[in-house]
Structures are given as C-alpha cells and as structure tokens.
Amino acid sequence: MTNPKLLIDLPALPEPRHNGGKITIGPDNSLYIAIGDVGGSFVAKDSETKAQNYVNGSEPDGRAAIIRITQDGNPVGNGIIGSVPMSNLYYAYGIKNSFGFDFDPVTGKMWDAENGPTFGDEINFVDPGFNSGWAKIQGVWFVQSQEGAKTEPGKGERVPENPQGLVGFGGKGKYSSPEFTWDKSVAPTALKFLTSSKLGAQYANDMFVGDANFGNIYHFGLNQNRTGLSLDGPLVDKVADKVEELGNIIFGKGFGVITDLQVGPDGYLYVLVYDKDDGRIYRISPA
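The structure displayed is predicted, hence computed values, not measured ones. (Residues numbered from 1 in each chain as written. Predicted model: local features only at pLDDT ≥ 70, side-chain atom pairs only at ≥ 80, totals over all residues. Heavy atoms only, no water.)

Participant: Please explain the sheet that holds strand E9 (residues 137–138) as it appears in this structure.
Facilitator: For sheets, the rule is that strands pair by backbone hydrogen bonds, running either parallel or antiparallel. Read across the sheet, 3 strands follow the order E9-E10-E11 without closing on themselves; strand pairing throughout is antiparallel. Of all strands in the sheet, those bounded by a partner on one side alone are E9 and strand E11 (154–158). One ladder, built from 3 bridges, connects strand E10 (residues 141–144) with E11; its direction is antiparallel. Bridge assignment links Gln144 to a residue of E11, and that residue is Gly154. (Pairing = 2+ DSSP bridges. Helix = DSSP H or I, 4+ residues; strand = E, 2+ residues; numbered from the N terminus.)

What follows is the structure in structure tokens.
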C-alpha cells in the first residue's frame, strides 16, 4: 500500500449522498466505477447534466454513471457517448445510485442494481451506452419533478415502451427498461454471479443480490439467451408489487445491512454485513 496514484477525480458535490462506490475490473481488464448523481437531481439547476437526462443540462461531469477507464486512468478508446472529457469515460448513464454490478461469467455482459428514491429499485442488463432513465424515469414509472425542493421525488405514471424526452447523445445512448423492479424500495446493494457449483448445480452462474433494508439475498436465474431474468408467476411482469411476490426469489434473509457479496476461492458465497452493533462476514455453504 505504497506510492498511490490518482486515477480519476469524480465530483463530491452538490451533496454527500448517492455516490455509489462499487469498483471492479471487467473482463476487458478495464476499471469500472459506479457513481450516482451525488444528490444533484431536484436540488439546483447548476447541478443538472445531460447524463441525468436534463436535455438543457450541462455536459456530463462524471456523475450518474458507470465509468470505464484503463488501469492507468485513461479513457478506453474514443468513448461511447462522447469523445471529450468527461463524456469519453461513460459506459452507462442516467443512474440515480448503484452499489452493485457484475459481469455475467457466461456472456461477459454487465448487470447492475440501482437504488430508487422510495420506489423503483432496479436490476438492469447494461450494454455500452445504456441509459437507465434517471432523473426522468425510475423503475417503470416517470419521476414527478420536485425541482427546488430537497425532498425525494414522487412516483408518476407508467412509462410507455418508447419514452420520449430523454437524452440520447445523438443515438449513442439508448434507454432500456429494467429487467426487474421493486415497487417499494428494498435498497439493493451487492450484485454477484456465482461462478461455481458449490451451492448446487442449480445455482451455477446465477445472480445473487443483497439488500440493506431487510437483510435479504435474492436469487435470479437468467433466461436462455441471458439478456433477461427467468421469472414466473406474479413476477412475470418484472415488477414486485407486493412483498408476498418476493417469496420465490428470496434465497436467504435476516442478515442485516448487506454491503457486499463475493465468491471466494473455495467457490462459496461470502456475505459482508454491517449494522449498528458490528460488522460480520458470513460464508454460505450447503447444509
């Protein structure tokens, strides 16, 4: 832990919140970093950027994004949504806040979990240039504007198949609706693919997501082409409208505030938990 090198300097203003922080190396050996809007939506006009889907906003400044850089801190190629700093660092945008993303071990494609305000937590399939819709859309609903008020935005009408009024960066960015949405927020945190069969062949290469509000771990299988989740029953519409609908996807519960999920070198799933008393690491193994 010597001779640190500053790779990137991301905004810390206007407010000390929604600053994500997940960092990982992707299958292309690039460094991926999640950062939310840093509280910069519905607060002040000078904090509104095009990356937050404000058509008349300022140019992207690194917020509301999944950033991609080389391990030396340089842009990767010419950029996806733009070629000038900071636009040339964006892999995805329109993100309120995210504490978790991972790469499918089968396809190499990214998936992320996104936090809504009091509604609309998401799981997304993230292609390069993905626009998650914030601050105009969260979950499958339009966000009711509360400009100038430091309060949580409200849930509006359902979003149509091809919503208008979003920033597309000349067609380089593209909105895609969530592959799964929680109606009321559970505060998803870590998202991890289980790259082993140590918990049983039925879980190999499946997705696990932790939350902070209830201490749940959710389990999701993927569909055949691995661009969506395998959902059935009341969840076939991709929206958890009621707590009762979550029963079939809850893998474990009662953990506390889950902050991270990792697969150890032994192939088991490890759970990092924080609460007001202490922090703990659990290892999940077959009974």
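Participant: Is there a simple way to explain the environment of Pro60 in this structure?
Facilitator: Of note, Pro60 is situated in the loop between strand E2 (31–35) and strand E3 (65–69). As a C-alpha pair, Pro60 and Gln144 span 84 residues in sequence and 22 Å in three-dimensional space. With sequence-adjacent residues up to four places away left out, Pro60 is seen in contact with Thr49, Ala51, Met86, Ser87, Tyr90 and Phe169. (Contact = heavy atoms within 4.5 Å.)

Participant: Looking at this structure, how should I read the sheet that holds strand E13 (residues 180–184)?
Facilitator: What the 5 strands build is an open sheet, ordered E5-E6-E7-E13-E17; its pairing is mixed. Each edge of the open sheet carries a strand with a single partner, namely strand E5 (100–103) and strand E17 (239–240). Of the pairings in the sheet, the one linking strand E6 (residues 110–114) to strand E7 (residues 119–126) comprises 5 bridges and is antiparallel in character. Bridged to Ala113 within E7 is Ile123.

Participant: How should I be thinking about the nonpolar core in this particular structure?
Facilitator: Taken as a class, soluble globular proteins show a tendency for nonpolar side chains to be buried jointly. Ile8, Ile66, Ile67, Tyr91 and Met110 are the most contacted members of the largest nonpolar core, which has 29 residues in total. Of all the secondary-structure elements, those providing two or more residues to this core are E2, E3, strand E4 (90–93) and E5. When residues in this core are grouped by element, the largest group, 5 residues, is from E2. What Tyr91 contacts, discounting residues up to four positions off in sequence, is Tyr32, Ile66, Arg68, Ile80, Met110, Val126, Asp127, Pro128, Gly129 and Phe130. (Core = buried A, V, L, I, M, F, W, Y, C linked by side-chain atoms within 4.5 Å. Buried < 20%, exposed > 50% of the residue type's maximum accessible area, 1.4 Å probe, protein only.)

Participant: Looking at this model, I keep getting lost on the pattern of salt bridges. Mind explaining?
Facilitator: Between side chains of opposite charge, a pair can form as their charged atoms come close. Under the counting rule described, the total for this entry stands at 13 salt bridges. Between Glu48 and Lys45 there is a salt bridge; the shortest N-O distance is 3.9 Å. Across the salt bridge formed by Arg226 and Asp104, the nearest N and O atoms sit 2.7 Å from each other. Residue Arg226 is found in the loop between strand E16 (217–220) and E17, and its partner Asp104 is found in the loop between E5 and E6; the two are separated by 122 residues along the sequence. Using a relative accessible area of 14% as the deciding quantity, one classes Arg226 as buried. Taking relative accessible area as the criterion, Asp104 reaches 1% and is therefore assigned buried. Each of Asp275, Asp278 and Arg280 takes part in one network of salt bridges that share partners. (Salt bridge = Lys/Arg side-chain N within 4 Å of Asp/Glu carboxyl O.)

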